[in-house]
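# Topology and contacts: notes
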Amino acid sequence: MKLILCLICLTWFFTVFNKQIKKHASIFYIITVLISALTIFVPHDMLPAPVVMFINKILVRGVFQGAIFIIVMYVAVLPSKSQLRIKLSKVRGEMAIIAALFTLIHNISYGKRYFMLLFTDISALKPYEAAAAVLSICMIILLVPLTVTSFYTVRKKMSGKNWKKLQRLSYIFYALLYLHIVLIFSRGLFTKKLTYLVDIYIYTLIFGIYAALRVIKYIKKKANARVLKGEADIKN
């Protein structure tokens, strides 16, 4: 439910304010970094209870960031002429950067324990925790070049072919993100907490639909390419 609410609210936000975000992207990046820093370093007993709940349940757990990544992911498979895709496409790079900056909250909050134990005392981690930590490191490694090349000043210095080739790494990132989420919520299998299992089903449905739409789009693209090639051969 938390994920669904985040998806609805964030889709509305990026759709309504796409022009402002595009025009003042640097301001939104600064705000994102400030929120991340305050979330990590300001003692929670100094903050109102609702804010602390939002931080712990949404930001620290990565639900907010994950929702933005899912929106970025889905933009590419939405109908090309839909208003939703047109508006979100304008700020797709900015959304990806904002999501990446917000992951600082999740990685630092959990990394203090899990990354430390992964390199110093891996036996203290449960198998799924160690696997999730390894996937996190892999995702961070992928996220750095993907985020850097999402900045317009960097992107414009790259050829379109090289940029698109590098951005294909995002497919690996999405796959690792899904596996990381499944590992995190797999503890529901051991603790028998229904909410964890429901979360796995929701994420599996979201990522499964995306994968199916991506495959369909690829097949259609190949079919159209063959038709165009056939028409060109006939003309020649």
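Everything below is about the structure shown above.
About the thresholds
- Residues numbered from 1 in each chain as written.
- Predicted model: local features only at pLDDT ≥ 70, side-chain atom pairs only at ≥ 80, totals over all residues.
- Heavy atoms only, no water.
- Patch = residues over 30% accessible without salt bridge, like charges linked within 9 Å, V, L, I, M, F, W, Y side chains within 5 Å.
- Areas by Shrake-Rupley, 256 points an atom, 1.4 Å probe, with all protein chains shown as cover.
- Salt bridge = Lys/Arg side-chain N within 4 Å of Asp/Glu carboxyl O.
- Lys, Arg positive; Asp, Glu negative; His and termini not counted.
- Charge placed at Lys NZ, Arg CZ, Asp CG, Glu CD.
- Helix = DSSP H or I, 4+ residues; strand = E, 2+ residues; numbered from the N terminus.
- Buried < 20%, exposed > 50% of the residue type's maximum accessible area, 1.4 Å probe, protein only.
- Expected span 1.5 Å × (residues − 1).
- Arc of directions from axis to C-beta.
- Core = buried A, V, L, I, M, F, W, Y, C linked by side-chain atoms within 4.5 Å.
- Contact = heavy atoms within 4.5 Å.
- Phe/Tyr/Trp six-rings, centres within 6.5 Å; stacked < 30°, edge-to-face > 60°.
- Lys NZ or Arg CZ within 6 Å of the ring centre and 35° of its normal.

What follows concerns a positive patch on the surface. Taken together, the side chains of Arg155, Lys161, Lys164, Lys165, Arg168, Lys217, Lys221, Lys222 and Arg226 present a region of like positive charge at the surface. Taken together, the elements giving at least two residues each to the positive patch come down to α10 (160-167) and α13 (194-235). At four residues, α13 tops the list of elements feeding residues into the positive patch. Here Arg168 lies in the loop between α10 and α11 (169-185). Overall, the relative accessible area of 51% leaves Arg168 in the exposed class.

Before going further, it helps to spend a moment on helix α1 (residues 2-16). If you check α1, its first and last C-alpha atoms are 21 Å apart, about what 15 residues at 1.5 Å a residue would give, namely 21 Å. Every buried residue of α1 is listed here: Leu3, Cys6, Leu7, Leu10, Phe14 and Thr15. Taken end-on, α1 shows its buried residues confined to a sector of 145°, consistent with a single buried face. Along α1, exposed side chains directed more than 90 degrees from the buried face belong to Ile8, Cys9 and Trp12.

Grouped together as the largest cluster of nonpolar side chains are 54 residues, with contacts concentrated most on Ile68, Ile70, Met95 and Phe173. Of all the secondary structure elements, the ones that give two or more residues to this core are α1, α3 (25-41), α4 (49-59), α5 (63-75), α7 (92-120), α8 (127-148), α11 and α13. Per element, the largest residue contribution to this core is eleven residues, and it comes from α5. When neighbours within four sequence positions are excluded, Ile68 is seen to be in contact with Leu10, Phe14, Met95, Ile98, Ala99 and Phe102. Grouped together as the second largest cluster of nonpolar side chains are six residues, Leu117, Leu118, Leu125 and Ala133 included.

This part covers the side chain of Thr39. Mapped onto the elements, Thr39 comes out in helix α3. Exposure remark for Thr39: the relative accessible area of 7% places this residue in the buried category. Those residues in contact with Thr39 that lie beyond four places of it in its chain are His44, Ile55, Leu59 and Ile105.

Turning to the pattern of salt bridges, a few remarks are in order. Summed over the entire model, instances satisfying the criterion amount to one salt bridge. Residue Lys22 is joined to Glu94 by a salt bridge in which the shortest nitrogen-to-oxygen separation is 3.2 Å. Of the two residues, Lys22 sits in helix α2 (residues 18-23) while Glu94 sits in helix α7, which places them 72 residues apart along the sequence. Look at Lys22 and you get partly exposed, because its relative accessible area is 45%.

Locating Ile31 in the fold gives a position in helix α3. With a relative accessible area of 40%, Ile31 lands in the partly exposed category. In the structure, Ile31 is positioned 67 residues away from Ile98 in sequence and 9.5 Å away in space, judged by C-alpha atoms.

Relative to the helices and strands, Thr149 is located in the loop between α8 and α9 (152-155). When near neighbours in sequence (up to four residues on either side) are disregarded, Thr149 contacts Val154, Arg155, Met158, Trp163, Leu166 and Gln167.

The next point concerns the side chain of Arg85. When you line up the elements, Arg85 lands in helix α6 (residues 83-89). One buried charged side chain, Arg85, makes no salt bridge at all; its nearest oppositely charged neighbour is Glu94, positioned 14 Å away.

It is worth spelling out a nonpolar patch on the surface at this point. A surface patch of nonpolar side chains, about 410 Å² in accessible area, is lined by Met1, Ile4, Leu5 and Ile8. Positionally, Leu5 belongs in helix α1. Judged by relative accessible area, which is 47%, Leu5 ranks as partly exposed.

Under the defined criterion, the tally for this structure stands at 14 aromatic pairs. An angle of 80° between the planes, with centres 6.1 Å apart, marks the rings of Phe54 and Phe64 as edge-to-face. Taken together, the residues Phe54 in helix α4 and Phe64 in helix α5 connect sequence positions ten residues apart. Overall, the relative accessible area of 38% leaves Phe54 in the partly exposed class. You can call Phe64 buried: its relative accessible area is 16%. Following the ring pairs from residue to residue traces out a cluster consisting of Trp12, Phe13, Phe14, Phe17 and Phe28. The ring of Tyr114 has Arg113 lying over it, and the distance from NZ or CZ to the ring centre is 5.2 Å.

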